[in-house]
Amino acid sequence: MPNNKGTLEIRSLSKSFIVDNNSLQILNDINLTVHSGAFVTIVGSSGCGKTTLLRIMLGLENHYTGEALIDGKQIIGPGSDRGIVFQDHRLLPWLTVGENVAFGLDKLKRKEKKLLVDEHLKLVGLNGFESAYPSQLSGGMAQRVAIARALASKPEILLLDEPLGALDALTRMYMQQELERLWLLEKITMIMVTHDIDEAIYLSDKVVIMSSRPGVIKKIIDVPLSRPRNRASSDFTRIKAEILEEFHLGTEYPFAYAI
Amino acid sequence: MSKKFIQRLGLKDKLLAIMVPLLVLAAWQGAVSQKLCSDLILTPPLTLLNTLVELAQSGDLTLNILASLKRVMIGFLLGGTSGFVLGILMALSPFLNRIFGPLIKALQQVPEFAWMPLIIMFLGIDESAKYFFVAIGAFYPMVLNTYQGVSGVPEKYHELARVFDYKSFRYLFKVIIPSALPSIITGIRLSLGLSWMFVVGAELFGSDSGVGYLMTWGRAVFQIDLVMAGLVLVGVIGFAMNLVLEIAEKRFLLWREPVDGRPA
Ligand SMILES: Nc1ncnc2c1ncn2[C@@H]1O[C@H](COP(=O)(O)OP(=O)(O)OP(=O)(O)O)[C@@H](O)[C@H]1O
Ligand SMILES: [Mg+2]
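Residues numbered from 1 in each chain as written. Chains lettered and ligands numbered in written order. Predicted model: local features only at pLDDT ≥ 70, side-chain atom pairs only at ≥ 80, totals over all residues. Heavy atoms only, no water.

J.: Please clarify how the overall build of chain A should be interpreted in this entry.
T.: If you tally the helices and strands in chain A, you get eight helices and 10 strands. Structurally, chain A occupies a C-alpha span of about 55 × 45 × 40 Å along its principal axes. For chain A, with 259 residues in total, the buried portion stands at 51%. Considering only residue pairs separated by 6 or more positions, chain A has 65% of its internal contacts joining residues 24 or more positions apart. Accessible surface, chain A: about 12200 Å² in total, of which carbon and sulfur atoms supply 54%. Between the averaged position of the 30 positive side-chain charges in chain A and that of its 31 negative side-chain charges there is a distance of 5 Å. (Helix = DSSP H or I, 4+ residues; strand = E, 2+ residues; numbered from the N terminus. Buried < 20%, exposed > 50% of the residue type's maximum accessible area, 1.4 Å probe, protein only. Contact = heavy atoms within 4.5 Å. Areas by Shrake-Rupley, 256 points an atom, 1.4 Å probe, with all protein chains shown as cover. Lys, Arg positive; Asp, Glu negative; His and termini not counted. Charge placed at Lys NZ, Arg CZ, Asp CG, Glu CD.)

Now the structure itself:
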């Protein structure tokens, strides 16, 4: 299936919030092009505006200067071309896991719905949990349900806000492989916020580094490694050092800053 | 019976709950049979039971309970439904809220029994007056709790609805009402409870059937046991209705119960 839809462009975008009658600039002159089918990750310190940027791409934030375009068209609100995994998983507590995954599939027939739900629950390793309620899940399981929900409605662009944040290291690596597999399979555009630099390098074509107050794009680093990637390869480590350098976490004193 | 078994049934709590009433009943029965006070004024519990059995056998009991329940149901449906609909509309439309909010707050200050003379003037003392009176009682808790529940739907769920393109009735029934359901159910419970109180009140004002009527009639013919039997009935039926709703609430809000005490 040829797919050249799902190109996202952000042009000289700035965004302020009004806090106590003062205008507080959150994003400043953001320029970013994400080509159709690319995997781009955004890293940056807490509060630098990553979630805000994703919300603009999703269409939930409308007051900004500059442009946010999808396939050349201004984003005016959420649409089925874009899916989201929110930072808080945002499952609906009164729906079961299966019903949550089916939340975006309301217009489909029962049978198709069931098929898609089963498929995507299996994908995130939660088959058998259809009838559990979100309150009965661990944080990591809830995040996986949220991923299944976003994928089930087959978006062209999937926005992920720290989707693997609550997972243990092993599940996390497994989910990274799964995300990569899905991305290769579905050929959709993925834009993901993460705090994990290894994860960013493992998954993305480009790593966007943001810095805060106001949030600007400090640097965009290409990751020209072939897939699947070897986390221990020298190229991988070199790119990691390059990114850490941007956070002034040079390899000489990594621990002093990490604490 | 083992200790564990008793605990499992929650029998201990239940025993504790009926201990005081049983003691009071025993003391009461004792006081009357020792001729400490006249049994014309204070009917002993056993006589009361007897009266209830007689009422049941004559068919009067069922007839009057049904008459009251019918009024409760109709009044509750009228008042509760309009409260529910208005509560939703007010929570979703700031405009309607500005119109109806102050009005409802002002009217709420009027003690509900103060409506009675006006209702009697317009509707007389027939059935429709009673429905209307019960409906007023049912209306307030329903409109207030529904309003509170719906306006308290977290912004994150509204956003989710926007993302997945839920609009109008789908949005209302799949997102807003379920999210507000705990509050709405509280509204239903309070509303039905007040309906029951109000129906008895309305029947005391003038009626030829119903549990309230049993009591006024008992008073008129100076049959104190009838008055007291009516009191018992009012209590027991109100308690039973609340119990049924509690069970329904547990069933509907199953999702709120986490396995390990974590909040949803
Ligand atoms: N609705 C809002 N009103 C006012 N300020 C806001 C609002 N939303 C976000 N902000 C502010 O914007 C800044 C960026 O927030 P944002 O959530 O985008 O950060 P983030 O990069 O996602 O952080 P984290 O990594 O901790 O999730 C923060 O300083 C936050 O306080
Ligand atoms: Mg964030």
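J.: What should I look at first to understand the coordination of the magnesium ion (ligand 2) in this one?
T.: Residues and elements named next belong to chain A. With distances of 1.9 to 2.3 Å, the protein atoms coordinating the magnesium ion (ligand 2) are Thr-51 (OG1) and Gln-87 (OE1). With a gap of 36 residues between them, Thr-51 in helix H1 (residues 50–58) and Gln-87 in the loop between strand S6 (82–85) and helix H2 (97–101) connect regions that are remote in the sequence. Thr-51 sits in the partly exposed class, given a relative accessible area of 28%. On the basis of relative accessible area, Gln-87 is assigned to the partly exposed category, the value being 36%. (Donors = N, O, S within 2.8 Å, 3.2 Å for Na, K, Ca; no water.)

J.: Whenever I open this one, the sheet that holds strand S2 (residues 22–34) of chain A confuses me. Can you help?
T.: Hydrogen bonds between backbone groups are what pair the strands of a sheet, and the pairing can be parallel or antiparallel. Residues and elements named next belong to chain A. Taken together, the four strands give an open sheet; going across it, the order is S2-S1-S4-S5, and neighbouring strands pair in antiparallel fashion. A strand with exactly one partner marks an edge of an open sheet, and here the two such strands are S2 and strand S5 (73–74). Here strand S4 (residues 65–70) pairs with S5 via two bridges, running antiparallel. Within S5, the position partnered with Ile-70 by the bridge is Lys-73. (Pairing = 2+ DSSP bridges.)

J.: Even after reading the chapter, I still don't get the side chain of Glu-180 of chain A, so can you show me in this structure?
T.: Here Glu-180 of chain A lies in helix H5 (residues 169–186). The contact partners of Glu-180 of chain A, leaving out residues within four places of it in the chain, are Tyr-202, Leu-203, Arg-227 and Pro-228 of chain A.

J.: I'm lost on the domain arrangement of chain A in this one. Help?
T.: Where interface size is quoted, it is often the accessible area lost as the parts come together. Residue and element names in this part refer to chain A. When its domains are assigned, chain A resolves into domain 1 (1–81 + 156–253) and domain 2 (85–154). On a C-alpha basis, the centres of domain 1 and domain 2 stand 24 Å from each other. Each partner contributes to the interface: domain 1 provides 23 residues, whereas domain 2 provides 13 residues. Linking domain 1 with domain 2 are one salt bridge. The residue Glu-186 makes a salt bridge to Lys-154 at a minimum N-O spacing of 3.7 Å. Taken together, the links from domain 1 to domain 2 amount to six residue pairs in polar contact (both at pLDDT 80 or more). A total of seven residues in the side of domain 1 that touches domain 2 trace back to one element, the largest contributor, which is H5. In the side of domain 1 that touches domain 2, the residues fall into 13 nonpolar, four polar and six charged. (Domains from an automatic or database assignment. Salt bridge = Lys/Arg side-chain N within 4 Å of Asp/Glu carboxyl O. Polar contact = N/O pair within 3.5 Å; in protein donor to acceptor, adjacent residues only side chain to side chain. Nonpolar A, V, L, I, M, F, W, Y, C, P; charged D, E, K, R; others polar.)

J.: Honestly, the packing of helix H4 (residues 60–92) of chain B against helix H11 (residues 224–252) of chain B in this entry has me stumped. Any pointers?
T.: Helix packing for two helices is described by the angle between their axes and how far apart those axes are. All names here are of chain B. Here H4 crosses H11 at 55°, and the two axes come no closer than 12 Å. What the angle tells us is that H4 and H11 run oblique. Taken as a pair, H4 and H11 cross one another with a handedness that is right-handed. For the pair H4 and H11, contact is made by Leu-61, Ile-65 and Leu-69 and by Leu-233, Ile-237 and Met-241, respectively. Residues that form the contact of H4 with H11 fall into these classes: six nonpolar, no polar and no charged. (Axes fitted to C-alpha atoms, helices over the stretch in contact; angles between N-to-C directions. Parallel < 35°, antiparallel > 145°, perpendicular 65-115°, else oblique. Left-handed = near helix turned anticlockwise from the far one by under 90°.)

J.: Please explain the pairing of strand S10 (residues 216–222) of chain A as it appears in this structure.
T.: Taken residue by residue, a regular strand's side chains alternate between the two faces of the sheet. Residue and element names in this part refer to chain A. Sheet topology note: the strand S9 (residues 206–211)/S10 ladder contains six bridges and is antiparallel. When the bridges of S10 are listed, Ser-211 appears paired with Val-216. What sits between the antiparallel neighbours S9 and S10 is a turn of four residues, in which Arg-213 has the positive phi angle 55°.

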